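Chain and residue survey
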Amino acid sequence: MFSKETYIRRRAELKRLVGSGVVILFGNDEAPYNYPANGYTPMRQDSTFLYYFGQHRDGLVGIIDIDNDEEWLLGDDIDVDDIVWMGFTPSVADLAAEVGVTKTGPLKAISRWRLAVGENTISEEAISRWQSAISEKAKSQKPTANSQKIHFLPPYRHDTKIMIMDLLGIHPSQQKEAASVELIKAVVKMRATKSAEEIAYIDAACDVGYVMHTTAQMLIKPGVTERFVAGQVDGIARSLAQGNSFGTIFSQHGEIMHGSPSDALLEDGRLVLCDAGCELNDYCSDHTRTMPVNGKYTQRQLEIYSIVEECHDYVLSVAKPGVKYQDVHFGVCRLMTERLKELGLMKGDTEEAVAAGAHAMFLPHGLGHMMGMDVHDMEGLGQIYVGFDDETRPNLEQFGTNCLRMGRTLHPGFVMTDEPGIYFIPHLIDLWRKEGHCQEFLNFDLLEQYKDFGGIRIEDDLLITDDGCRFMGTKRIPYHPKEVEEFMAK
């Protein structure tokens, strides 16, 4: 949690950017695992609510009345039954005071805040008086109250969707479209550029990521299960941080982008891919490494690995303020195509091959994404607002390019992932060969020999600085082939 002044300053800037109306930011509730009293733990608070109101407790809603310059924290104080089972929790008023908010009320007052101007709390009597007026407003199915526009973000949890429907009469199927573009753009503008405090937290999370990945490299050997190594990685995230920033990907089938760990034994001669990160102080890390199970890359593995390594390092040399990440992505695609041509896997003119999307046979995803409080930072707000801007628009038609999550111009303070990869996906090879897709750029006969290869990805988190970029974290996880082999041999 940051200082009270940080949250006051953030809310003031949000009011300036949005301009008018009422902003409602919903915190998250507990999510039941398989029955109400058995929930997923720990509870994960909504990131934007955290950014402006800082509190992790469930059942909270933040309201910012821009027109009347009022800020409210709504939520129900716990009773003795909750204290017996969960321990003492400060009152909503105390939680509000910690982040510089003076006005509070019970959660059911969410529909009545506008009628309580001038009061510091909303009484039960006032709620009762205003009930009829609220019922009429709910029937209107318009996101306004007393001629004020209500701004909310696209919801992703069903309980929040129900609350919005009760409050504004907007059906869950229509809420994404009804979300406030003004609020989305304001939040993206503020959260995209990380402060010095936020950068320090991400560096710390990346240091835990170092421990996670080097532990995996020490444990990998033939005969160990994927699930065992992944479980040790997850244990570190839970021991040294708040937990995982996403479900750990650990698989010998590296060609599957999000391959979950299985009970399969690690096999001599194969590659295994580990993509994992943690959350620490509400900020994320996200790294990927690809290792030889027996500790030594084969010549064929080295040939492919060295291309991914070169593409990864190319990003370090060109990513800087004023450069579009979309241009960096296609720079990687051209470099990858040139190197695959040298191996005979691709052919023809490089520019024409990339324009046709032939490289997506090997790289069917984008170069990277923003990272911060979310591992795919703010992706739930709409990638067209987060990863793109009025100048740089996404290409949603071309396979592979349609998965580019970040294309916009880079600015100091942005935190990006750099994650090129090369994958040999048997079903994709078969489909494109059958259809003759990009056959003038692909050597399908040679591709047949790589169907058992798997996939390679190298991923690091980068901070865009004033004149370039740098690795996040104080330690770099081994990724150059000789470094990996030497580390695994220790």
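These lines cover the structure that appears in this document, whether it is placed above or below. Because the structure is predicted, anything quoted here is derived from the model rather than measured.

Comments concerning the overall build of the protein
- When its secondary structure is counted, the protein shows 18 helices and 19 strands.
- Against the 2.2 N^0.38 benchmark of 23 Å for 490 residues, the protein shows a C-alpha radius of gyration of 25 Å, consistent with a compact globule.
- Pairs at least 24 apart in sequence give 71% of the contacts found in the protein among residues at least 6 apart.
- Surface summary for the protein: the accessible area is close to 21000 Å², and the carbon and sulfur share equals 51%.
- Taking the 49 positively charged and 73 negatively charged side chains of the protein as two groups, their mean positions are separated by 2 Å.

Here's the deal with the sheet that holds strand S19 (residues 469-471)
- Read from one edge of the open sheet, three strands run S15-S18-S19, paired in antiparallel fashion. Of all strands in the sheet, those with a lone pairing partner are strand S15 (415-418) and S19, marking the two edges. With strand direction ignored, the average angle separating the axes of adjacent strands in the sheet is 35°.
- Summarising the sheet, strand S18 (residues 460-464) and S19 pair through three bridges and their orientation is antiparallel. Bridge pairing in S19 links Leu-462 to Phe-471.

Some points on a nonpolar patch on the surface
- Taken together, the side chains of Val-80, Ile-83, Val-84, Trp-85, Met-86 and Phe-88 present a nonpolar region at the surface, about 790 Å² in accessible area.
- With respect to the element layout, Ile-83 can be found in helix H3 (residues 80-86).
- The partly exposed category is assigned to Ile-83, whose relative accessible area is 33%.

Digging into helix H1 (residues 4-18)
- For H1, built from 15 residues, the straight-helix expectation of 21 Å at 1.5 Å per residue is met to within 8% by its first-to-last C-alpha distance of 22 Å.
- Buried within H1 we find Thr-6, Tyr-7, Arg-10, Arg-11, Leu-14, Lys-15 and Val-18.
- Gly-19 sits one or two positions beyond H1 and adopts a positive phi of about 95°.

Focus: the pairing of strand S4 (residues 61-65)
- Of all five residues that make up S4, five are buried, and the element is covered over most of its length.
- With five bridges connecting them, strand S1 (residues 22-26) and S4 associate as antiparallel partners. Bridging from a neighbouring strand, Leu-25 pairs with Gly-62 of S4.
- Taken together, the five bridges between S4 and strand S5 (residues 70-74) define a ladder with antiparallel strand orientation. Bridge pairing in S5 links Ile-63 to Trp-72.
- Counting the residues between successive antiparallel strands, the hairpin from S4 to S5 contains four residues, one of them, Asp-69, with a positive phi of roughly 50°.

Re the packing of aromatic side chains
- All told, the structure shown has 13 aromatic pairs when counted by the stated rule.
- Taken together through their ring pairs, the aromatic side chains of Phe-2, Tyr-7, Tyr-201 and Tyr-283 make up a single cluster.
- In this arrangement the basic side chain of Arg-10 is found over the ring face of Tyr-51, its NZ or CZ atom lying 3.8 Å from the centre.
- Its end group placed over the ring of Tyr-450, Arg-300 keeps NZ or CZ at 4.8 Å from the ring centre.

Considerations on the pattern of salt bridges
- Within this structure, the stated rule accounts for 30 salt bridges.
- Among the ionic pairs, Lys-296 bridges to Glu-485, the shortest N-O distance being 3.8 Å. With Lys-296 in the loop between strand S14 (287-292) and helix H12 (299-318) and Glu-485 in helix H18 (residues 481-489), this pair connects stretches of sequence that are 189 residues apart.
- When its relative accessible area of 54% is taken as the criterion, Lys-296 is described as exposed.
- The class of Glu-485 is buried, set by a relative accessible area of 15%.

Some words on the pairing of strand S2 (residues 32-35)
- With two bridges joining them, S2 and strand S3 (residues 38-39) adopt antiparallel strand pairing. Bridge pairing in S3 places Pro-32 opposite Gly-39.

Describing unusual backbone geometry
- Put simply, Thr-41 and Pro-42 share a cis peptide bond, and its omega is -10°.
- With respect to the element layout, Pro-42 can be found in the loop between S3 and helix H2 (47-53).
- The phi angle at Asp-69 is positive, at roughly 50°, despite the residue not being glycine.
- Mapped onto the elements, Asp-69 comes out in the loop between S4 and S5.
- Positive phi is not limited to glycine here, since Asn-281 has a value of about 55°.
- Tracing the chain through its elements places Asn-281 in the loop between strand S12 (278-280) and strand S13 (283-284).
- Given the relative accessible area of 33%, Asn-281 is considered partly exposed.

Regarding the side chain of Glu-279
- Note on placement: Glu-279 falls in strand S12.
- Of the residues examined, Glu-279 reaches a relative accessible area of 9% and is grouped as buried.
- If we skip the residues at most four places from it in the chain, Glu-279 touches Arg-44, Ala-241, Gln-242, Gly-243, Asn-244, Ser-245, Cys-284 and Met-373.

Comments concerning the sheet that holds strand S9 (residues 243-244)
- The three strands lie next to each other as S9-S12-S13, forming an open sheet whose pairing is antiparallel. Either end of the sheet is taken by a strand with one partner, and the two such strands are S9 and S13.
- Here two bridges tie S9 to S12, and the two strands are oriented antiparallel to one another. Note that in S12 the partner of Gly-243 across the bridge is Glu-279.
- Where helix H10 (residues 196-219) meets the sheet, it contacts S9, S12 and S13, and its direction lies at approximately 140° from that of S12.

Quick notes on the state of the cysteines
- As enumerated under the stated definition, the model contains zero disulfides in all.
- Free cysteine Cys-206: the closest other cysteine sulfur is in Cys-278, separated by 7.6 Å.
- Of the residues examined, Cys-206 reaches a relative accessible area of 1% and is grouped as buried.

Parameters at a glance
Per chain, residues are indexed from 1 in the order of the written sequence. Residues qualify for local features only when their pLDDT is at least 70, as the model is predicted, and side-chain atom pairs are given and counted only at 80 or more; totals for whole chains, interfaces and linings, by contrast, use all residues. Computation of side-chain values covers all heavy atoms of the structure but excludes hydrogens and water. Strands here mean DSSP runs of E at least two residues long; helices mean DSSP runs of H or I at least four residues long; both are numbered from the N terminus. Within these notes, the globule rule equals 2.2 Å times the number of residues to the 0.38 power, and the radius of gyration is based on C-alpha atoms. Contact definition: two residues touch when any of their heavy atoms are within 4.5 Å. Each accessible area is a Shrake-Rupley estimate made with a 1.4 Å probe; only the visible protein chains count as cover when residues are assessed. Neither His nor the chain ends is counted toward charge; the positive residues are Lys and Arg and the negative residues Asp and Glu. By convention, charge coordinates are those of NZ in Lys, CZ in Arg, CG in Asp, or CD in Glu. Only strands that DSSP links by at least two bridges are regarded as paired with each other. Geometry is summarised by axes, namely lines fitted to C-alpha atoms with helices restricted to the contacting stretch, and by angles between N-to-C directions that run from 0 to 180 degrees. Patches here are clusters of residues that have more than 30% relative accessible area and form no salt bridge, with a 9 Å joining cutoff for like charges and a 5 Å cutoff for nonpolar side chains (Val, Leu, Ile, Met, Phe, Trp, Tyr). In what follows, salt bridge is the name for a side-chain nitrogen of Lys or Arg lying within 4 Å of a carboxyl oxygen of Asp or Glu. A simple rule labels every residue: compare its accessible area, found with a 1.4 Å probe on the protein chains alone, to the largest value its type can have, and call it buried under 20%, exposed over 50%, or partly exposed in between. Under the convention used throughout, the expected extent of a helix is 1.5 Å for every residue step, that is, one less than its residue count. A pair of Phe, Tyr and Trp rings is counted when the ring centres sit within 6.5 Å of each other, with Trp represented by its six-membered ring. The angle between the planes then sorts it: under 30 degrees is stacked, over 60 is edge-to-face, the rest tilted. Whether a charge lies above a ring is judged from NZ of Lys or CZ of Arg, which has to be within 6 Å of the ring centre and within 35 degrees of the ring normal. Cysteine sulfur atoms are paired as a disulfide whenever they fall within 2.5 Å.

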